[in-house]
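Structural overview for review
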Amino acid sequence: QADELADPVSRRTFLKLMGASLGLAGLTGCTQAQPQEKIVPYVRQPEDLIQGIPVFYATAMPFNGYGRGLVVRSNMGRPTKAEGNPQHPDSLGATDIFAQAAVLQIYDPDRSQSVQRDNVFSTWEDFLEGINGSIQVLRSTQGAGLRILTDTVTSPTLASQLQQLLGALPEARWVQYEPVSRDASRAGARAAFGRDVATRYDFSQANIILSLDDDFLSPYPGGLNYARFFINRRRVSEGATDMNRLYMAEGAHTITGSMADHRLPMRPSQIEGLARAVAAGLGVAGVANTAQLSPEQQAWVNTVVADLGANRGASLVIAGIQQPAAVHVLAHAINAALGNAGTTVVYTQPVEPRPADQHADMRQLVQDMRDGQVQAIVVLGGNPVYSAPADLNFAQAYTQVPLRVHLGLYNDETGVLSNWHIPQAHFLESWSDVRAFDGTVSVVQPLIEPMFGGHNAHEILAILNGQTGPNAYDVVRGYWQAARPAEDFEQFWRIVLAQGVISGTAAPPQSVTIQNQALTNLAAAPAAEGLELILRPDPHIWDGQFNNVSWLQELPKPITQIVWDNAALVSPRMAERLELQNDDVVELRFNGNAIRAPIWITPGQVDEAVTLHLGYGRERAGRVGNGTGVNAYLLRTTDVPWGGPGLELNKTGERYQVVTAQEHWSMEGRNIVREATFAEYQANPDFAHDEHHSAEGASLLPDYTTPIGWAMSINLNACIGCNACTIACQAENNIPVVGKQEVANSREMHWIRVDRYFAGDLDNPRVYRMPVPCMHCETAPCEIVCPVAATIHDQYNGLNQQIYNRCVGTKYCSNNCPYKVRRFNFFQYNERTPTTIWLQHNPQVTVRNRGVMEKCTYCVQRINYERSRIGPEGAAIRDGQVLTACQQVCPTEAIVFGNKLDPDSRVAKLQASNLNYSLLGELNTRPRTTYLAKLTNPNPALAGAAENERDTHE
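Residues numbered from 1 in each chain as written. Predicted model: local features only at pLDDT ≥ 70, side-chain atom pairs only at ≥ 80, totals over all residues. Heavy atoms only, no water.

**Quick word on the overall build of the protein**
When helices and strands are counted, the protein shows 27 helices and 38 strands. For 954 residues, the compact-globule formula gives about 30 Å, and the C-alpha radius of gyration of the protein, at 28 Å, lands near that figure. Overall size of the protein, expressed as C-alpha extent along the three principal axes, is 90 × 70 × 65 Å. Counting all 954 residues of the protein, 63% fall into the buried class. Partitioning the contacts of the protein with sequence separation of at least 6, the portion at a separation of at least 24 is 75%. (Helix = DSSP H or I, 4+ residues; strand = E, 2+ residues; numbered from the N terminus. Rg over C-alpha atoms; globule rule 2.2 N^0.38 Å. Buried < 20%, exposed > 50% of the residue type's maximum accessible area, 1.4 Å probe, protein only. Contact = heavy atoms within 4.5 Å.)

**Looking at the sheet that holds strand β9 (residues 208-212)**
Taken in spatial order, the four strands make up an open sheet running β11-β10-β9-β12, and their pairing is parallel. Looking along the sheet, the strands with just one partner apiece sit at the ends: β11 (262-265) and β12 (315-319). Between one strand axis and the next, the sheet turns by 10 degrees as a mean value, whatever way the strands run. Two elements, strand β10 (residues 245-250) and β11, share four bridges in a ladder whose sense is parallel. Bridge assignment links Met248 to a residue of β11, and that residue is Arg263. Sheet strands in contact with helix α8 (residues 271-281) are β9, β10 and β11, and its direction is about 145 degrees off that of β9. Here helix α9 (residues 295-309) sits on the sheet in contact with β9, β10, β11 and β12, set at roughly 145 degrees to β10. (Pairing = 2+ DSSP bridges. Axes fitted to C-alpha atoms, helices over the stretch in contact; angles between N-to-C directions.)

**Comments concerning the nonpolar core**
If you look at the biggest cluster of nonpolar residues, it comprises 139 residues, and the most contacted ones within it are Leu588 and Leu612. Tallying contributions element by element places helix α2 (residues 97-105) first for this core, with seven residues. Setting aside chain neighbours within four positions, we find Leu612 in contact with Ile534, Leu535, Arg536, Asn566, Ala567, Ala568, Leu588, Ile595, Ala597, Val630, Ala632 and Leu635. (Core = buried A, V, L, I, M, F, W, Y, C linked by side-chain atoms within 4.5 Å.)

This is how it looks when you write it as structure tokens:
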């Protein structure tokens, strides 16, 4: 959906795809012949299709091996918007950027649309016929030479099918590989407790948290749950007596690090020494402090040890998945010594049916392929040719296998090297099931038939198991029918599909004991020397699977605000020492491999280390993703998959333009973010209003008295900067993508942006984030300058409205807006998008044309929809009945919307808080969107260092 991508798809093709989207809604579509399958709306929505009335279906999105519960809106058979399922233990009614972008990915015209044999168009029937002989040969040898390669599997049905296959073909092997894997986490738990266990956390019980390079607020499995309960302990009101405290040690600046009360920049290779120092300080038996820490680092450790020790049973120590197993062992030992098990830390049976060391298994698979022991390999999802560590040279070994079958959403780097490529059905088009981070099972319920004739892993495994008749629906339903034989299955099935979760399937807590030898056998890691490489999943592209999703490409990164690229992130001090500037291209050499990447100077990045994000540098991602960024997988090796010491950096003299949105629409230099420490707030609860002008001064504009006063409150203490609000607004309001060059021209179209500010020391700054939508000012500067009354005040709802068909594009309103929240259509952005993308558009929102101004509308279409359900003579809309898109998606409930004229509404109570203030309120615009000031909770023992950083904003 980039502006430079024109796709001359015919009207006939558009109508054909439109028809395909209506198949499961009971209408006739031009799709492959399939039996009718009954899908069930979420809770109490109407089952019959009514024109203009959306229907909502519960499903789940498999991501990183685990499930995230969704409720997806369908408009006339078209999935158009994903929301969180409030009954799901992970989403809790919220979602993340990946779930929001799923409704764009399903309509991606670059998705694989046909079966291919040796890169020549073929058919599903030809595949069945062609593979039949190979299956018979494999059966005769009990599966010798057969390998099944999957992503991480938590699906009960898929695991059952795989076990059935391995039972019938005992010589076959099943290998799991996920680029963002938990190998070290599993190995650490196994070493600590002598068996495989899963670990999950209860942040609602934690007063003090120490994160050892764990970015737990990012969208990892469980991340939405963790974000919600972590932030809940940071919500304060007048008279509050407590607030949690977060200590964070990390090398690459992350979302979680930016929320820390005390952040310690540290190279990842030094984290183990820090963990040893903390464990020794707390008296963990068998652990000695062998770390070589600076005086400042040792003071930091001493403070952390005292704080943790004072909060035994109400503290939490967590280790990141990129840290080695030793750090996880130490984290488990510290939690055990503090008595946190059973309160803030919960141990269960593994959620994955077959936990594995994925990098070791992948290494063995490649060796088997090279040795000629693999006669057939079936790749069910994933893209290992692109994402496997560079030292394995997976592509070369893969092409030595006589029969190579690939199932994938795209005919990607792996598909093009396969004998058979099978188009994969999107999760919104196919049946399956998946477990959440806590083990709770959801059924993945499709909303439409496969648009491009796709298939899924259940169908492929059914064929390998000798079952030619069942489709995915029969397989999944059959598994649960066998698992619940004593129940009224039809009622059970209907409830499961309607609610989106299977109750009682969460993994129960277990009692575990630290093994004595786990700590005595823990050898200290050698001191790291030289420059260090830090590899991390990209916050928006992840491991590369979302590379062709333009919404995510154009979304500014949380820390750097970079779009459409990745870059080598370096600290200001290192850049000064090496005479590096932004956009300088350098050569990075690591473990015998080399790539070139542009430099981006990032405050807070640890010195003497370079961070590079995975997922870019694709060659067969699609028209949007091809050629964006650099391929960091070329530096990845199986022994150090997340980087390590030994990096070489050399300047090339070349330059490359990296585009960032950081300098766009700046309000810098004014009192934007108001913040204080928790102690300062307790001493002066009205600090947010000290020495600030009132917003209630005299105005030349008329006062409006409206029956309803829609308003919004944004809690800066709860915003983590995940950008989910921006993508949710884009999905809801048909906001176009403009492309890299147009962003460079400051022409991005987002209706809500998340500004990022650094303050204090460049080496370790504090980070502030501020979501900025239209303020819906009661005395709006934009209204008085519009010559054609295109922007006016709604005298019923009190909204600042934009009338598109009046706008003549003078841009006076944008010039007069102090918040810079109005967007101008310089080009026919929507008309330049591929035609299939039009299917995603929300029919309740106008698609804007070139030459008009647009902005946040407080999701007025949602307001009108709820009013239409009540009727003109009905009761008033209840508080919470209307949720704006940005409010509904927010995992931390930082955004609250409602009628401020209702004194019992949440927004009225929040705007009456002493933390409430108006952005640029001294301008007397009287905005209906207001903010709650940010609070931090630094430890007084380290407060001196923090105070020294509180004098500069940049």
